[in-house]
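Okay, here's what each chain looks like letter by letter:
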Amino acid sequence: MTSYQATLPGSSGRWAALNGTHHRAALNVFLVIVLAHWAEHLVQAYQIWGLGWSRPEARGVLGMPFPWLVSSEWLHYGYAIVMLVGLWMLRPGFVGRSRSWWTAALALQFWHHIEHLLLLLQAQTGRHLFGSPVPTSLLQVVIPRVELHLFYNTVVFVPMVIAMYLHLRPSAAEEELMACSCRQPGAAAQPA
């Protein structure tokens with residue numbers, strides 16, 4: 001282990017395996033969760049713009065049999081927390097360029113989480129921002145909720161995917177710093 005790796009948060013203790021021997025598996029599980037969430041949003045978007053359904057009718061895949069899911073601020077906030085925690089917990093396994101992109105995704109998700117926290121607090125207290133009859137996030141004042149959440153998911157997802165791509169194709173210098181199961185010894189490293 002290099003001196004840099006030894007100083008990484010999560011390089012020892014309870015998170016060492018997550019960002020070491022289990023990093024690739026954990027990234028795959030995290031990616032499945034993210035893609036399932038994307039599927040919900042994309043189906044809802046298709047229901048609105050492809051099928052011409054009204055926004056209340058367009059509830060995604062799980063919202064069709066379970067309509068309460070769409071209006072549950074607890075569910076949306078819970079997913080925002082899962083994303084935030086996942087991005088935070090998996091961050092120590094990234095090095096170099098991939099770490100910068102992963103950190104950008106984490107920062108953007110932190111803001112997305114704040115927006116969901118505001119929505120949750122409004123739903124719980126019954127006091128809505130801007131005199132709205134329903135819970136409203138800050139940017140929702142200028143961008144409708146469906147479009148806003150497609151935007152948020154995109155701006156978090158893009159740097160996350162770039163980070164994963166760079167992480168699985170490290171430069172020679174970055175590969176030397178890697179201590180996780182994503183490292184593929186003998187693979188042709190990209191030039192630094």
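All values reported here derive from a predicted model rather than from experimental measurement.

Peer 1: Any chance you could explain the overall build of the protein chain here in plain terms?
Peer 2: Of the regular secondary structure elements, the protein chain holds seven helices and zero strands. Beginning at the N terminus, the succession of helices and strands in the protein chain can be written as α-α-α-α-α-α-α. Split into buried and exposed, the 192 residues of the protein chain put 40% on the buried side. Taking the contacts inside the protein chain whose residues are at least 6 apart along the sequence as the reference set, 63% of them involve residues at least 24 apart. Carbon and sulfur atoms provide 70% of the accessible area of the protein chain, an area that totals close to 10,400 Å².

Peer 1: Is there a simple way to think about the side chain of asparagine 19 in this case?
Peer 2: Mapped onto the fold, asparagine 19 is located in the loop between α1 (3-7) and α2 (23-50). One polar contact links the side chain of asparagine 19 to the main-chain carbonyl oxygen of methionine 89, over a distance of 2.9 Å.

Peer 1: I tried to follow the packing of helix α4 (residues 73-90) against helix α6 (residues 145-168) on my own but got confused; where do I start?
Peer 2: Pairs of packed helices are described in terms of their axes, by the angle between the two and the distance that separates them. Contact pair α4 / α6: the axes reach a minimum separation of 13 Å and the direction vectors enclose 15 degrees. The angle between α4 and α6 falls in the class roughly parallel. Crossing geometry of α4 relative to α6 is assigned as left-handed. Counted together, Glu73, His76, Met83 and Leu87 of α4 and Arg145, Val156 and Met160 of α6 form the full contact between these two elements. Here the contact of α4 with α6 is built from residues that sort into four nonpolar, one polar and two charged.

Peer 1: Is there a simple way to think about the packing of aromatic side chains in this case?
Peer 2: The final tally for this structure, using the stated rule, is four aromatic pairs. Between phenylalanine 151 and tyrosine 152, the aromatic rings sit 6.0 Å apart at their centres with planes inclined by 45 degrees, giving tilted as the arrangement. An aromatic cluster is present here, built from Phe30, Phe94 and Trp102 joined pairwise through their rings.

Peer 1: Please explain the side chain of histidine 23 as it appears in this structure.
Peer 2: Along the chain, the position of histidine 23 falls in helix α2. Among all residues touching histidine 23, those that are not within four sequence positions of it are Ala17, Leu18, Leu90, Gly93, Phe94, His167, Cys180, Ser181 and Cys182.

Peer 1: Explain the confidence of the model for the protein chain here, please?
Peer 2: Per-residue confidence for the protein chain gives a mean pLDDT of 87, with 88% of residues at or over 70. Of all helices and strands in the protein chain, the one with the weakest mean pLDDT is α1 (43), whereas helix α5 (residues 96-125) scores best (96). Here residues 1-10 is modelled with pLDDT under 50, and outside its nearest four sequence neighbours on either side it reaches 21 contacts, counting other chains as well. Considering only residues more than four positions removed or in separate chains, one finds that residues 186-192, a stretch of pLDDT under 50, has 11 contacts.

Peer 1: Any chance you could explain the environment of valine 43 here in plain terms?
Peer 2: Looking at the element boundaries, valine 43 is found in helix α2. Between the C-alpha atom of valine 43 and that of arginine 59, which follows or precedes it by 16 residues, the distance is 8.2 Å. Setting aside residues up to four positions removed in sequence, valine 43 forms contacts with Gly60 and Val61.

The rules we used
- Residues numbered from 1 in each chain as written.
- Predicted model: local features only at pLDDT ≥ 70, side-chain atom pairs only at ≥ 80, totals over all residues.
- Heavy atoms only, no water.
- Helix = DSSP H or I, 4+ residues; strand = E, 2+ residues; numbered from the N terminus.
- Buried < 20%, exposed > 50% of the residue type's maximum accessible area, 1.4 Å probe, protein only.
- Contact = heavy atoms within 4.5 Å.
- Areas by Shrake-Rupley, 256 points an atom, 1.4 Å probe, with all protein chains shown as cover.
- Polar contact = N/O pair within 3.5 Å; in protein donor to acceptor, adjacent residues only side chain to side chain.
- Axes fitted to C-alpha atoms, helices over the stretch in contact; angles between N-to-C directions.
- Parallel < 35°, antiparallel > 145°, perpendicular 65-115°, else oblique.
- Left-handed = near helix turned anticlockwise from the far one by under 90°.
- Nonpolar A, V, L, I, M, F, W, Y, C, P; charged D, E, K, R; others polar.
- Phe/Tyr/Trp six-rings, centres within 6.5 Å; stacked < 30°, edge-to-face > 60°.
- pLDDT = per-residue confidence, 0-100.

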